[in-house]
Amino acid sequence: MFELRVEHSFPAGHHLRDYIGKCATPHGHNYRVQLAVTGPNLNPIGLLLDFSDLKKSLRAVAETLDHKYLNDLPFFATRNTSAENIAVYFHEELTKLLAPALDAASARISEIVVQETDTAWAVYRPE
(Lines give C-alpha, C1' and ligand atoms only; values in the text may rest on other atoms or scores of the structure.)
Protein backbone atom coordinates (compact mmCIF):
# COMPACT_ATOMS: atom_id res chain seq x y z
CA MET A 1 0.00 0.00 0.00
CA PHE A 2 1.29 3.44 -0.92
CA GLU A 3 0.49 6.68 0.90
CA LEU A 4 0.90 10.27 -0.28
CA ARG A 5 0.62 13.34 1.94
CA VAL A 6 0.32 17.02 1.11
CA GLU A 7 -0.19 19.99 3.41
CA HIS A 8 -1.50 23.53 3.16
CA SER A 9 -2.02 26.39 5.63
CA PHE A 10 -4.68 29.09 5.82
CA PRO A 11 -5.91 31.61 8.40
CA ALA A 12 -9.56 31.75 9.51
CA GLY A 13 -11.66 32.88 12.43
CA HIS A 14 -14.42 31.14 14.36
CA HIS A 15 -15.99 30.52 17.74
CA LEU A 16 -17.47 27.39 19.26
CA ARG A 17 -21.20 27.47 19.95
CA ASP A 18 -22.51 25.98 23.21
CA TYR A 19 -18.99 25.85 24.61
CA ILE A 20 -17.85 27.10 28.01
CA GLY A 21 -14.39 28.60 27.84
CA LYS A 22 -12.14 30.86 25.79
CA CYS A 23 -13.12 29.30 22.47
CA ALA A 24 -16.70 30.52 22.92
CA THR A 25 -15.51 33.99 21.90
CA PRO A 26 -14.40 34.92 18.38
CA HIS A 27 -10.76 34.11 17.67
CA GLY A 28 -8.60 32.85 14.85
CA HIS A 29 -6.08 30.22 13.90
CA ASN A 30 -3.47 29.65 11.26
CA TYR A 31 -4.78 26.22 10.35
CA ARG A 32 -2.59 23.55 8.80
CA VAL A 33 -4.41 20.83 6.87
CA GLN A 34 -2.85 17.60 5.73
CA LEU A 35 -4.37 15.26 3.16
CA ALA A 36 -3.33 11.60 3.02
CA VAL A 37 -4.25 9.38 0.08
CA THR A 38 -3.60 5.64 -0.08
CA GLY A 39 -3.72 3.09 -2.86
CA PRO A 40 -2.24 -0.28 -3.77
CA ASN A 41 -0.84 0.34 -7.25
CA LEU A 42 1.39 2.76 -9.09
CA ASN A 43 0.62 3.97 -12.58
CA PRO A 44 2.90 3.12 -15.54
CA ILE A 45 5.32 5.96 -14.68
CA GLY A 46 5.57 4.95 -11.02
CA LEU A 47 3.12 7.33 -9.33
CA LEU A 48 0.08 6.66 -7.17
CA LEU A 49 -1.23 10.15 -7.96
CA ASP A 50 0.44 13.41 -8.95
CA PHE A 51 1.47 15.51 -5.92
CA SER A 52 0.65 18.68 -7.88
CA ASP A 53 -2.96 17.54 -8.41
CA LEU A 54 -3.34 16.78 -4.71
CA LYS A 55 -1.84 20.14 -3.71
CA LYS A 56 -4.04 22.01 -6.20
CA SER A 57 -7.19 20.36 -4.82
CA LEU A 58 -6.18 20.94 -1.20
CA ARG A 59 -5.46 24.62 -1.93
CA ALA A 60 -8.80 24.98 -3.73
CA VAL A 61 -10.74 23.72 -0.71
CA ALA A 62 -8.67 25.79 1.70
CA GLU A 63 -9.38 28.87 -0.41
CA THR A 64 -13.09 28.52 0.44
CA LEU A 65 -12.18 29.00 4.13
CA ASP A 66 -9.17 31.33 3.83
CA HIS A 67 -9.61 34.56 5.82
CA LYS A 68 -13.26 33.68 6.45
CA TYR A 69 -15.30 33.61 9.62
CA LEU A 70 -16.18 29.91 9.57
CA ASN A 71 -19.39 30.29 11.57
CA ASP A 72 -20.86 32.28 8.67
CA LEU A 73 -20.41 29.49 6.12
CA PRO A 74 -23.37 27.25 5.17
CA PHE A 75 -21.56 23.98 6.03
CA PHE A 76 -21.21 25.16 9.62
CA ALA A 77 -24.77 26.44 10.02
CA THR A 78 -25.71 23.24 11.84
CA ARG A 79 -22.22 22.04 12.82
CA ASN A 80 -19.80 23.55 15.28
CA THR A 81 -16.59 24.93 13.77
CA SER A 82 -14.42 22.42 15.60
CA ALA A 83 -11.24 21.06 14.06
CA GLU A 84 -13.06 17.73 13.80
CA ASN A 85 -15.84 19.23 11.66
CA ILE A 86 -13.36 21.23 9.58
CA ALA A 87 -11.67 17.90 8.80
CA VAL A 88 -15.03 16.47 7.69
CA TYR A 89 -15.57 19.53 5.47
CA PHE A 90 -12.20 18.97 3.80
CA HIS A 91 -12.95 15.30 3.32
CA GLU A 92 -16.32 15.95 1.70
CA GLU A 93 -15.01 18.66 -0.61
CA LEU A 94 -11.80 16.83 -1.56
CA THR A 95 -13.76 13.67 -2.29
CA LYS A 96 -15.77 15.62 -4.88
CA LEU A 97 -12.71 17.24 -6.46
CA LEU A 98 -10.53 14.14 -6.53
CA ALA A 99 -13.13 11.48 -7.38
CA PRO A 100 -12.01 10.87 -10.98
CA ALA A 101 -8.31 10.63 -10.07
CA LEU A 102 -8.98 8.49 -6.99
CA ASP A 103 -11.19 6.12 -8.96
CA ALA A 104 -8.66 5.80 -11.77
CA ALA A 105 -5.89 4.97 -9.28
CA SER A 106 -8.05 2.72 -7.05
CA ALA A 107 -7.02 5.11 -4.27
CA ARG A 108 -8.88 6.73 -1.43
CA ILE A 109 -8.57 9.59 1.02
CA SER A 110 -7.32 7.85 4.14
CA GLU A 111 -6.83 10.75 6.51
CA ILE A 112 -7.38 14.47 6.97
CA VAL A 113 -5.46 16.24 9.74
CA VAL A 114 -6.50 19.73 10.85
CA GLN A 115 -4.00 21.46 13.11
CA GLU A 116 -5.21 24.52 15.03
CA THR A 117 -2.04 25.23 16.98
CA ASP A 118 1.44 23.79 17.28
CA THR A 119 0.16 21.42 19.95
CA ALA A 120 -3.45 20.65 19.00
CA TRP A 121 -4.94 18.86 16.01
CA ALA A 122 -7.79 16.61 14.96
CA VAL A 123 -7.51 13.58 12.69
CA TYR A 124 -10.38 12.28 10.56
CA ARG A 125 -10.06 8.80 9.07
CA PRO A 126 -13.10 7.95 6.95
CA GLU A 127 -14.31 4.37 7.25
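Residues numbered from 1 in each chain as written. Predicted model: local features only at pLDDT ≥ 70, side-chain atom pairs only at ≥ 80, totals over all residues. Heavy atoms only, no water.

Our focus in this paragraph is the packing of aromatic side chains. A full pass over the atoms with the stated rule returns 6 aromatic pairs. Pairing F76 with Y89 gives two aromatic rings, centres 6.0 Å apart and planes at 40 degrees, and the pair type is tilted. Here F76 is found in the loop between α1 (51–63) and α2 (83–105), whereas its partner Y89 is found in helix α2, with 13 residues between them in sequence. For F76, a relative accessible area of 0% gives the class buried. Through a chain of ring-to-ring contacts, the aromatic side chains of F10, Y31, F75, F76, Y89 and F90 assemble into a single cluster. Sitting above the plane of the F75 ring, R79 keeps its charged end 3.7 Å from the centroid. (Phe/Tyr/Trp six-rings, centres within 6.5 Å; stacked < 30°, edge-to-face > 60°. Helix = DSSP H or I, 4+ residues; strand = E, 2+ residues; numbered from the N terminus. Buried < 20%, exposed > 50% of the residue type's maximum accessible area, 1.4 Å probe, protein only. Lys NZ or Arg CZ within 6 Å of the ring centre and 35° of its normal.)

In this fold, L58 is placed in helix α1. By relative accessible area, which is 1% here, L58 ends up buried. Separated by 60 residues in the primary sequence, L58 and D118 place their C-alpha atoms 20 Å from one another. Every residue in contact with L58, bar those within four places of it in the chain, is listed here: V6, E7, H8, V33, L35, F90 and L94. (Contact = heavy atoms within 4.5 Å.)

Turning our eyes to something else, we now look at the pairing of strand β2 (residues 27–39). Strand direction decides the pairing type here: strand β1 (residues 2–14) and β2, joined by 13 bridges, are antiparallel. Bridged to F2 within β2 is G39. In terms of strand pairing, β2 meets strand β3 (residues 108–117) through 7 bridges, oriented antiparallel. Within β3, the residue paired with A36 across the bridge is E111. (Pairing = 2+ DSSP bridges.)

Across soluble globular proteins, you tend to see nonpolar side chains buried next to one another. Counting residues in hydrophobic clusters, the biggest one holds 34 residues, and the most contacted among them are L35, L49, L65, F90, L94 and I112. If you list the elements that add at least two residues to this core, you get β1, β2, α1, α2 and β3. Ranked by residue count, the leading element in this core is α2, at 10 residues. When sequence neighbours within four positions are dropped, the list of residues in contact with L65 reads F10, P11, A12, L70, L73, F76, I86, Y89 and F90. (Core = buried A, V, L, I, M, F, W, Y, C linked by side-chain atoms within 4.5 Å.)

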